[in-house]
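Structural description and commentary
Each chain, written out:
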Amino acid sequence: MATVRLLTDEDLSPEANAVFADIRATRKSDFINNFWRALAHDPVTLKRTWESVKEVMGPGVLEPKVKEMIYIAVSIAHACPYCIHSHTANARAKGMSEEEYREVVAIVGMASETNRLVTALGVPIDEEYEVR
C-alpha cells in the first residue's frame, strides 16, 4: 500500500509534468509507472532521480539487458519487491530468458550466503585480491 497518493497526469505540477514528458519521450511510451507517480509529489526529487536513472540506465558499455539484470540482483539484495518486478519486466522486454533469470536469482542467493559466511567468520582479504 502506498504511503502517498499516486498522482494522475491531471494532478501534476508544471515541473513534474515536464519530467513525465521527458520520461515518455525517452522511453517512447505513454506509460508512467507508479514509482514516478509517487515521486511526483516532490518535483525536485523526481527530476534529480529521473536524470540519474536516465544516465545510468542509458547507453553505455554494458548492454541494456545486463544493466537490468544487475538492477534485479541489487533489488533482490535490498528486498525491494517493486524494483524486482519492474526491472524483471524490463529485462524480459530486452531479451532476458527464463534461464538467465533463474541464473541471476541463483547467483544472488549464493552471493548472499557466502557474503554472510565471510562476514561472520571475519575472513581477511587475500593479498592477491588487493589493487596494486
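Below, the structure is looked at part by part.

About the thresholds
Residues numbered from 1 in each chain as written. Predicted model: local features only at pLDDT ≥ 70, side-chain atom pairs only at ≥ 80, totals over all residues. Heavy atoms only, no water. Helix = DSSP H or I, 4+ residues; strand = E, 2+ residues; numbered from the N terminus. Rg over C-alpha atoms; globule rule 2.2 N^0.38 Å. Buried < 20%, exposed > 50% of the residue type's maximum accessible area, 1.4 Å probe, protein only. Contact = heavy atoms within 4.5 Å. Areas by Shrake-Rupley, 256 points an atom, 1.4 Å probe, with all protein chains shown as cover. Lys, Arg positive; Asp, Glu negative; His and termini not counted. Charge placed at Lys NZ, Arg CZ, Asp CG, Glu CD. 1 Å grid on protein atoms, 1.4 Å probe; cavity = no way out; pocket = protein on both sides within 12 Å on 5 of 7 lines; lining within 4 Å. Points joined across faces, edges and corners; volume = space filled by probe spheres on them. Nonpolar A, V, L, I, M, F, W, Y, C, P; charged D, E, K, R; others polar. Expected span 1.5 Å × (residues − 1). Axes fitted to C-alpha atoms, helices over the stretch in contact; angles between N-to-C directions. Parallel < 35°, antiparallel > 145°, perpendicular 65-115°, else oblique. Left-handed = near helix turned anticlockwise from the far one by under 90°.

**What to know about the overall build of the protein chain**
- Helix and strand counts for the protein chain come out as 6 helices and 0 strands.
- Listing each helix as α and each strand as β along the protein chain from the N terminus yields α-α-α-α-α-α.
- By the compact-globule yardstick of 14 Å for 132 residues, the protein chain is too spread out, its C-alpha radius of gyration being 18 Å.
- Dimensions along the principal axes, computed over C-alpha positions, put the protein chain at roughly 55 × 35 × 30 Å.
- Classification of the 132 residues of the protein chain by burial places 24% in the buried group.
- A fraction of 50% describes how many contacts in the protein chain between residues 6 or more apart in sequence connect residues 24 or more apart.
- Only carbon and sulfur atoms are counted for the fraction: they give 60% of the accessible area of the protein chain, which is about 9500 Å².
- Computing the positive centroid from 15 side-chain charges and the negative centroid from 20, the protein chain places the two 5 Å apart.

**Describing the environment of T88**
- Looking at where T88 falls in the secondary structure, it is placed in helix α5 (residues 81-93).
- Spatially, the C-alpha atom of T88 lies 22 Å from that of L6, the residues being 82 residues apart in sequence.
- Discounting chain neighbours no more than four positions away, the residues touching T88 are I72, C83, M96 and Y101.

**Notes on the layout of surface pockets**
- Space inside the largest pocket adds up to approximately 640 Å³.
- Along its surface, the largest pocket is lined by 24 residues, and R27, V53, E68, H87 and N90 are the ones closest to its centre.
- Put simply, the parts of the chain that give the lining of the largest pocket at least two residues each are α1 (14-27), α2 (34-39), α3 (43-57), α4 (64-77) and α5.
- When its residues are assigned to classes, the lining of the largest pocket shows 11 nonpolar, 8 polar and 5 charged.

**Observations regarding α4**
- Between its first and last C-alpha atoms α4 spans 20 Å; for 14 residues at 1.5 Å apiece the expected length is 20 Å, and the two agree.
- Among the structural elements, α3, α5 and α6 (98-121) are those in contact with the buried residues of α4.
- Looking one or two residues past α4, A79 carries a phi angle of roughly 55°, positive in sign.

**Description of the packing of α1 against α3**
- It is at 9 Å that the axes of α1 and α3 come closest, and there the two elements cross at 20°. With respect to α3, the axis of α1 lies roughly parallel. Of the two possible hands of crossing, α1 and α3 adopt the one that is left-handed. Residues E15, A16, V19, F20, D22, I23, T26 and R27 of α1 touch α3, and the partners they reach there are P43, L46, K47, W50, E51 and K54.
- The class makeup of the residues in the contact of α1 with α3 is 7 nonpolar, 1 polar and 6 charged.

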